[in-house]
Amino acid sequence: MKLLEGCDGIPPERVQRAVIHECRKWNLLWVGRNRVAPLEPDEVEMLMGFPKDHTRGMSRTDRYKSLGNAFQIHTVAYHFSVLRDKFPNGINVLSLFSGIGGAEVALHRLGIHMKNVVSVEISEVNRNVVRCWWEQTNQTGNLIHLADVKELDANRLEQLMFSFGGFDLVVGGSPCNNLTGSNRYHRDGLEGKESSLFYHYFRILDLVKSIMAG
Ligand SMILES: C[S@@+](CC[C@H](N)C(=O)[O-])C[C@H]1O[C@@H](n2cnc3c(N)ncnc32)[C@H](O)[C@@H]1O
């Protein structure tokens, strides 16, 4: 590592701070004396709690991107664990911004049966990962994929909900590129191009509530 060149023994505080900054920024690990390397996609997959090879087949860049944007499975599973006793016969899920299926994987890990999942995700590559995982884990429920949250309107929701009797869980993590993280484009906040999709989450949640109340 260039920053440590010429340092003999413990580096000065300024260098230590610079090293930590670079390691945090690029997710670097110590792999030897004065040597750091980025986490491999397989390692990120494991740290995020996904099954081994969950994203295998995607390009290396897509794997980093999708895993970096995903839910941490164990954390989400901790929050979902209250649902297990409430819904012993399974649940109907509306999964917005599904990505590579963090919510679905967490529910499966908990042994919560997914009777119907309506999964809305714009990236075809991500949708394929979820479809593939769904088939490989022999899910007996229905997985319905839609692409764009902006196109999910009251008519489509009503049609879906009447066919299986409403949703028990609405879950989603909208893009945060304009808010935080190393993959941010602009810090425009919730009004930013990607992060403003957050408002669709609430639009859809309100629609679901009003359809279920009606
Ligand atoms: C923060 S990630 C959510 C990842 C997900 N929670 C997971 O565990 O993989 C946001 C996701 O929203 C998707 N997305 C962006 N624009 C979208 C849109 N208009 N409609 C649906 N999904 C969209 C992105 O492709 C990305 O996968």
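Model, not experiment: these values are computed from the prediction.

Criteria and thresholds
Residues numbered from 1 in each chain as written. Predicted model: local features only at pLDDT ≥ 70, side-chain atom pairs only at ≥ 80, totals over all residues. Heavy atoms only, no water. Near = heavy atom within 4 Å. Polar contact = N/O pair within 3.5 Å; in protein donor to acceptor, adjacent residues only side chain to side chain. 1 Å grid on protein atoms, 1.4 Å probe; cavity = no way out; pocket = protein on both sides within 12 Å on 5 of 7 lines; lining within 4 Å. Sits in = over half its atoms within 2 Å of the grid points. Nonpolar A, V, L, I, M, F, W, Y, C, P; charged D, E, K, R; others polar. Domains from an automatic or database assignment. Helix = DSSP H or I, 4+ residues; strand = E, 2+ residues; numbered from the N terminus. Buried < 20%, exposed > 50% of the residue type's maximum accessible area, 1.4 Å probe, protein only. Contact = heavy atoms within 4.5 Å. Core = buried A, V, L, I, M, F, W, Y, C linked by side-chain atoms within 4.5 Å.

### Considering the site of the ligand
Now for step 1: Residues in close proximity to the ligand total 19 residues, the closest being Phe-71, Ile-100, Glu-121, Asp-148 and Val-149.
Now for step 2: Taking Phe-71, its main chain carries an N or O atom lying 3.0 Å from an oxygen atom of the ligand.
Now for step 3: Asp-148 is positioned with one of its side-chain polar atoms (N or O) 2.8 Å from a nitrogen atom of the ligand.
Now for step 4: Using a 2 Å cut-off from the grid points, one finds that the ligand occupies the largest pocket.
Now for step 5: Of the residues belonging to the shell around the ligand, the class tally is 9 nonpolar, 8 polar and 2 charged.

### Details of the domain arrangement of the protein chain
Now for step 1: For the protein chain, the domain assignment lists domain 1 (2-38) and domain 2 (71-213).
Now for step 2: Taking only C-alpha atoms, the centre of domain 1 and the centre of domain 2 are 39 Å apart.

### Some words on the side chain of Asn-92
Now for step 1: As for its placement among the helices and strands, Asn-92 is situated in strand β3 (residues 91-96).
Now for step 2: Looking at Asn-92, the relative accessible area reads 4%, which means it is buried.
Now for step 3: A polar side-chain atom of Asn-92 sits 3.0 Å from a polar atom in the side chain of Asn-116.
Now for step 4: In contact with Asn-92, not counting residues within four places along its chain, are Lys-115, Asn-116, Phe-164, Gly-166, Phe-167, Asp-168 and Leu-169.

### Here we look at the nonpolar core
Now for step 1: Phe-50, Phe-80, Val-93, Ile-100, Leu-107, Met-114 and Leu-169 are the most contacted members of the largest nonpolar core, which has 30 residues in total.
Now for step 2: Sorting the residues of this core by element identifies α4 (73-80), β3, α6 (102-109), β4 (114-120), α7 (124-136) and β6 (169-172) as the ones contributing at least two each.
Now for step 3: Not counting chain neighbours up to four residues away, the residues in contact with Phe-80 comprise Ala-103, Ala-106, Leu-107, Leu-110, Ile-112, Leu-169 and Val-171.

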